[in-house]
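Coordinates in review
Below, each chain spelled out in residue letters.
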Amino acid sequence: MKLLNSVEKCVDEALEGLVRSNVGLALLQGHRVVLRSDLESIKGKVALLSGGGSGHEPAHAGYIGVGMLSGAVAGAVFASPPPGSVLAAILTLWKGGASGVLLIVKNYTGDRLNFGIAVEQARLQGVQVDMVIVADDCAFAQPSKAGRRGLCGTVLIHKIAGALAEKGCPLDEIVARVNKATKNIGTLGVSLSPCSVPGCLPSFQLPPGEMELGLGVFFTQVASADEVVQTIISHITDSSSKSHLSLKSGDKVVLCVNNLGGLSCLEIAVVSKVAVHCLEERGVLVVRVMAGSFMTSLEMVGMSLSLMKVDEEMLRLFDAKTTAPAWPNLSTSSVSGRNMFIKPEEKLAAASDNYNEGSLSSVIRLVLESVCKILLQHQEELNALDRAAGDGDCGSTHALLANAVQEWLHTSRIPGNLGQLVADLALLVQQSMGGSSGALYCLFLSAAAPHLMQSSDGAAWAKALHAGTEAMKRSLDALCPAVEELMKLSTAPPDGHIAILQSAVEKADLGAESTRNLTARAGRASYIASEHLTQPDPGAVAVAAILKAILHALKA
């Protein structure tokens, strides 16, 4: 499914949308050509023109502006533009006063043919025009006669050439320096899904559990971000490949992490972190990182990494200002060699180190271990319940707490003072859990802890539970019925405590089940029609599971 009006008109409407959104752009009437709206500003300077098939947005029209392209020619989706439109763009730029026109073309047969035809026709009309080919693909160890493909490294060339043109460099100098720059760029991509041209079936099929490395070159098993990035960088720099980028310790690079269209920003950030780390491990200095969608393939789930070796002069060109709408606002400071972290002014710390273990410490350890085990076992069940009305993360949020408590059990003494124990658990929740459940548990435990500092008999526990409940009363579908039952601890003899806890567990289960019929008044569920809410509240189910785990551990 695609959110379009018409398959036939989607490219034209997309170009119009881009131009309507950016006052620095204009359309060349009768053609799929986007130009700078201030063509008078390029008089006496070399104009830069690029383009290719649509579907790779924001390439190439998104890179039109001061310091980058003067224009871009768009073809149909994944199809090279016709030479007539390319020629019209060249002539418009030339007659607008440009001292020359340089075409920056990706190395695909259709692009080379159609842009090449336009170049020859323009020369016959006296235009000072030239063309450079970008071929940065590192996928093929033995490139075919057609050569390496032009990929996202083309965007980096737009930037370098644009800075040179803005400085007023002549056409022949720009061509020479750009051709040199293209030899210092390498790109390799990976896709986890195909894309589909509007009105067509997916462009290819991936076997289950496999991904495509090299964008059509070979398949491999889906792996972690660490493994995929390591594979890509190793392949780009493999000296046995004829299309490799030679990279050694001490080299400076610009890293481009390009979203092919369907990855989340979260995934792109993970890939960026891994890529910087991988390069720095090799002794390579990562001086700039650009991460985002720069040259996509419609909705393809995947990414590519481009590396461009730079010296100080090349870096100055890369850092030069541009008004192109799709170019990111990058820092001009080096990524490598800086301290990423700022130390907090205060560090919250549990006070359990100041307390000795008590007679109940071993029992408490068993209870907490049992609770952690239950929460981890129920992780996917709670997530499934939460997907019906929430964000689908209730189980994962509780698992964060369970893992934090398990780590705490391995590294800390369990205080014999139960009030201090509950206070420490409140701090663990505060530091590790997050989410609505984390806030509620933190409220409950923080309010309960003071009532257990001096005594831990049944009456003290009843007061503590009541105080905790009052602190978070409006969200206690499972806990309120259970606490009402546990209030009997204040008068019951010690040998009756387990029976009361057993009854409280049953009340918690009933309370959780009753939430099927409740109307949510807060949280994400409050925005969902009640007829779609047929599952019990996952937070209430989690509370019931915790109480059940405590009961089973104490019985054991």
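Residues numbered from 1 in each chain as written. Predicted model: local features only at pLDDT ≥ 70, side-chain atom pairs only at ≥ 80, totals over all residues. Heavy atoms only, no water.

1. Considerations on the overall build of the protein chain
Broken down by element type, the protein chain carries 17 helices and 12 strands. Relative to a compact globule of 556 residues, whose C-alpha radius of gyration would be 24 Å, the protein chain shows 32 Å and is clearly more extended. When its C-alpha atoms are laid out on the principal axes, the protein chain stretches across 105 × 55 × 45 Å. Counting all 556 residues of the protein chain, 48% fall into the buried class. Carbon and sulfur atoms make up 55% of the accessible area of the protein chain, which amounts to about 26600 Å² in all. Side chains of the protein chain give 45 positive and 52 negative charges; the mean places of these two sets differ by 7 Å. (Helix = DSSP H or I, 4+ residues; strand = E, 2+ residues; numbered from the N terminus. Rg over C-alpha atoms; globule rule 2.2 N^0.38 Å. Buried < 20%, exposed > 50% of the residue type's maximum accessible area, 1.4 Å probe, protein only. Areas by Shrake-Rupley, 256 points an atom, 1.4 Å probe, with all protein chains shown as cover. Lys, Arg positive; Asp, Glu negative; His and termini not counted. Charge placed at Lys NZ, Arg CZ, Asp CG, Glu CD.)

2. Topic: the nonpolar core
Residues Leu368, Trp408 and Leu421 are the most contacted members of the largest nonpolar core, which totals 54 residues. For this core, the element with the most residues is helix 17 (residues 538-555), which contributes 10 residues. When near neighbours in sequence (up to four residues on either side) are disregarded, Leu368 contacts Val405, Trp408, Leu409, Leu421 and Leu425. The next biggest cluster of nonpolar side chains, apart from the first, holds 51 residues, and it includes Leu25, Leu48, Ala74 and Ala324. (Core = buried A, V, L, I, M, F, W, Y, C linked by side-chain atoms within 4.5 Å. Contact = heavy atoms within 4.5 Å.)

3. So, unusual backbone geometry
The peptide bond linking Glu57 to Pro58 adopts the cis configuration, its omega dihedral lying at 15 degrees. Of note, Pro58 is situated in the loop between strand 3 (46-54) and strand 4 (71-77). Ala59 connects to His60 through a cis peptide bond whose omega is 5 degrees. Structurally, the position occupied by His60 is in the loop between strand 3 and strand 4. The backbone of Phe78 shows a phi angle near 60 degrees, a positive value even though the residue is not glycine. Tracing the sequence through the fold places Phe78 in the loop between strand 4 and helix 2 (83-95). The backbone of Leu298 shows a phi angle near 55 degrees, a positive value even though the residue is not glycine. Considering the arrangement of structural elements, one finds Leu298 in the loop between strand 11 (285-292) and strand 12 (302-309).

4. Quick notes on the pairing of strand 6 (residues 129-134)
In terms of strand pairing, strand 5 (residues 100-106) meets strand 6 through 6 bridges, oriented parallel. Paired with Leu103 across the bridge in strand 6 is Met131. As a crossover connection, the stretch from strand 5 through helix 3 (residues 109-124) into strand 6 is right-handed. (Pairing = 2+ DSSP bridges. Right-handed = clockwise from strand over helix to strand, strands pointing away.)

5. Focus on the packing of helix 9 (residues 361-377) against helix 11 (residues 394-411)
Interhelical geometry of helix 9 versus helix 11 gives an angle of 150 degrees and a closest axis separation of 9 Å. Here helix 11 runs roughly antiparallel to helix 9, going by the angle between their axes. The interaxial crossing formed by helix 9 with helix 11 has left-handed handedness. Contact with helix 9, carried on its side by Arg365, Leu368, Glu369, Cys372, Leu375 and Leu376, involves His398, Ala399, Ala402, Asn403, Val405, Gln406, Trp408 and Leu409 of helix 11 and no other residues of that element. Split into classes, the residues belonging to the contact of helix 9 with helix 11 amount to 9 nonpolar, 3 polar and 2 charged. (Axes fitted to C-alpha atoms, helices over the stretch in contact; angles between N-to-C directions. Parallel < 35°, antiparallel > 145°, perpendicular 65-115°, else oblique. Left-handed = near helix turned anticlockwise from the far one by under 90°. Nonpolar A, V, L, I, M, F, W, Y, C, P; charged D, E, K, R; others polar.)

6. Examining the state of the cysteines
All chains considered together, the criterion is met by 0 disulfides. Cys200 carries a free sulfur, and the closest cysteine sulfur to it, the one in Cys10, is 10 Å from it. A disulfide-free cysteine, Cys442 has its sulfur positioned 17 Å from the sulfur of Cys394, the nearest such atom. (Disulfide = S-S within 2.5 Å.)

7. Notes on the UniProt feature "domain: DhaK" (unreviewed entry) in the protein chain
The feature "domain: DhaK" (unreviewed entry), as given by UniProt, occupies residues 6-327 in the numbering adopted here. Helix makes up 33% of residues 6-327 and strand 23%, and the two end C-alpha atoms of the span are 29 Å apart. (UniProt positions renumbered as here; feature names shortened; annotations may be inferred.)

8. Focus: the pattern of salt bridges
Under the counting rule described, the total for this entry stands at 20 salt bridges. Arg36 is the salt-bridge partner of Asp38, the closest N and O atoms lying 3.0 Å from each other. Residue Asp38 is classed as partly exposed on the basis of its relative accessible area, which comes to 22%. With a shortest N-O distance of 3.2 Å, Glu173 and Arg177 are connected by a salt bridge. One end of the pair, Glu173, and the other, Arg177, are both in helix 5 (residues 171-182), 4 residues apart, so they sit about a helical turn from each other. (Salt bridge = Lys/Arg side-chain N within 4 Å of Asp/Glu carboxyl O.)

9. Side note on the environment of Asn383
Inspection of the secondary structure puts Asn383 in helix 10 (residues 379-389). Setting aside residues no more than four positions away along its own chain, Asn383 makes contact with Gly392, Asp393, Cys394, Gly395 and Ser396.

10. Overview of empty space enclosed by the protein
Throughout the structure, instances matching the rule amount to 1 cavity of 30 Å³ or more. Volume-wise, the largest cavity comes out at about 70 Å³. Here the lining of the largest cavity is composed, by residue class, of 6 nonpolar, 5 polar and 3 charged. (1 Å grid on protein atoms, 1.4 Å probe; cavity = no way out; pocket = protein on both sides within 12 Å on 5 of 7 lines; lining within 4 Å. Points joined across faces, edges and corners; volume = space filled by probe spheres on them.)

11. Quick look at the packing of helix 12 (residues 418-432) against helix 13 (residues 435-448)
Where helix 12 contacts helix 13, the axes come no closer than 8 Å and their chain directions differ by 160 degrees. If you check the angle between helix 12 and helix 13, you find them roughly antiparallel. In this structure, the crossing between helix 12 and helix 13 has a hand that is left-handed. Between helix 12 and helix 13, the contacting residues are Val422, Leu425, Ala426, Val429 and Gln430 on the first element and Gly438, Tyr441, Cys442, Leu445, Ser446 and Ala448 on the second.

12. Some words on helix 2
The terminal C-alpha atoms of helix 2 lie 18 Å apart, and with 13 residues this matches the ideal 18 Å at 1.5 Å per residue to within 8%. Close packing links the buried residues of helix 2 with strand 2 (33-36), strand 3, strand 4, strand 5, helix 3 and strand 6. In the stretch just after helix 2, Gly97 is the one whose phi turns positive, near 110 degrees. (Expected span 1.5 Å × (residues − 1).)

13. Brief notes about the sheet that holds strand 12
Strands sit in the order 9-8-7-12-10-11 across an open sheet of 6 strands; the sheet is mixed. The sheet is open, and its two borders are formed by strand 9 (218-221) and strand 11, each paired with just one other strand. Strand after strand, the sheet turns through a mean of 20 degrees between neighbouring axes, direction not considered. As paired elements, strand 8 (residues 210-213) and strand 9 share 4 bridges and run antiparallel to each other. Across the sheet, residue Met211 finds its bridge partner in strand 9, namely Thr220. Across the face of the sheet, helix 6 (residues 225-236) comes into contact with strand 7 (185-191), strand 8, strand 9 and strand 12 while running at roughly 40 degrees to strand 12. Each of strand 10 (252-259), strand 11 and strand 12 is contacted by helix 8 (residues 312-319), which is oriented at about 25 degrees to strand 11, the strand it contacts most.

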